[in-house]
Amino acid sequence: MMEFIQTFVPPLLLLLGSFFCISGGVGVLRFPDFFTRMHAAGVTDTLGAGLILGALMFMTTNFNDLGKLVLILLFALITSPTASHALAKSAVRAGIPPKSDDEVTVEVRQGGARSKS
């Protein structure tokens, strides 16, 4: 049973983590405003990094390396949401408004964002 876990779980976690990291990058490129882009980057980065680090934890045989990976995971789980929150709070204070559903629908129908010049 343990051999099965060490053989199939790490590659699965690596694939899932990579998928979430790539989908976060696509979200940053495709979403319409700052807040949705920031959300895509923050959530998928945290989940993707957690899954990849989890795969590395399954693959390691050294207890010291496992401890370091756990510390890296805890650091990532604390700093990524904190950074996203700080960015959102700064954007609100700077007066950047989130887009409404109507504005997003108009942009999609027009084929993307238009410059206001």
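Before reading on, note that the structure itself is shown above.
Our subject in this report is the structure included herewith. (Residues numbered from 1 in each chain as written. Predicted model: local features only at pLDDT ≥ 70, side-chain atom pairs only at ≥ 80, totals over all residues. Heavy atoms only, no water.)

## Quick notes on the environment of Ile96
- Its place among the elements puts Ile96 in the loop between helix H3 (63-94) and helix H4 (101-110).
- Each C-alpha atom, one on Ile96 and one on Phe34, is 8.2 Å from the other, the two residues being 62 residues apart in sequence.
- Here Ile96 is in contact with Phe35 and Ala91, once residues within four sequence places are set aside. (Helix = DSSP H or I, 4+ residues; strand = E, 2+ residues; numbered from the N terminus. Contact = heavy atoms within 4.5 Å.)

## Considerations on the packing of aromatic side chains
- Across all of its chains, the model carries three aromatic pairs by this definition.
- Consider the rings of Phe19 and Phe20, whose centres lie 5.6 Å apart with planes at 65 degrees: the pair is edge-to-face. (Phe/Tyr/Trp six-rings, centres within 6.5 Å; stacked < 30°, edge-to-face > 60°.)

## Points about a nonpolar patch on the surface
- A surface patch of nonpolar side chains, about 320 Å² in accessible area, is lined by Leu14, Leu56, Phe58 and Met59.
- Here the nonpolar patch takes three residues from helix H2 (residues 34-59), the largest share from any one element.
- Counting through the fold element by element, Met59 comes out in helix H2.
- Classification of Met59 by relative accessible area gives partly exposed; the value is 47%. (Patch = residues over 30% accessible without salt bridge, like charges linked within 9 Å, V, L, I, M, F, W, Y side chains within 5 Å. Areas by Shrake-Rupley, 256 points an atom, 1.4 Å probe, with all protein chains shown as cover. Salt bridge = Lys/Arg side-chain N within 4 Å of Asp/Glu carboxyl O. Buried < 20%, exposed > 50% of the residue type's maximum accessible area, 1.4 Å probe, protein only.)

## Digging into the side chain of Thr44
- Mapped onto the fold, Thr44 is located in helix H2.
- A polar contact of 2.4 Å, which involves the side chain of Thr44, links it to the backbone oxygen of Ala40.
- If sequence neighbours within four positions are ignored, Thr44 has contacts with Phe20, Cys21, Ser23, Gly24 and His39. (Polar contact = N/O pair within 3.5 Å; in protein donor to acceptor, adjacent residues only side chain to side chain.)

## Considering H3
- Between its first and last C-alpha, H3 extends 46 Å over 32 residues, near the 46 Å set by a 1.5 Å rise per residue.
- Of all the residues in H3, the buried ones are Leu69, Leu73, Ser80, Ser84, Ala88 and Ala91.
- Buried residues along H3 sit in contact with H2.
- The residue sitting at the N-terminus of H3 and contributing the capping side-chain oxygen is Asn62; that oxygen lies 3.1 Å from the backbone nitrogen of Asn64.
- Gly95, located one to two residues past H3, shows a positive phi value of around 90 degrees. (Expected span 1.5 Å × (residues − 1).)

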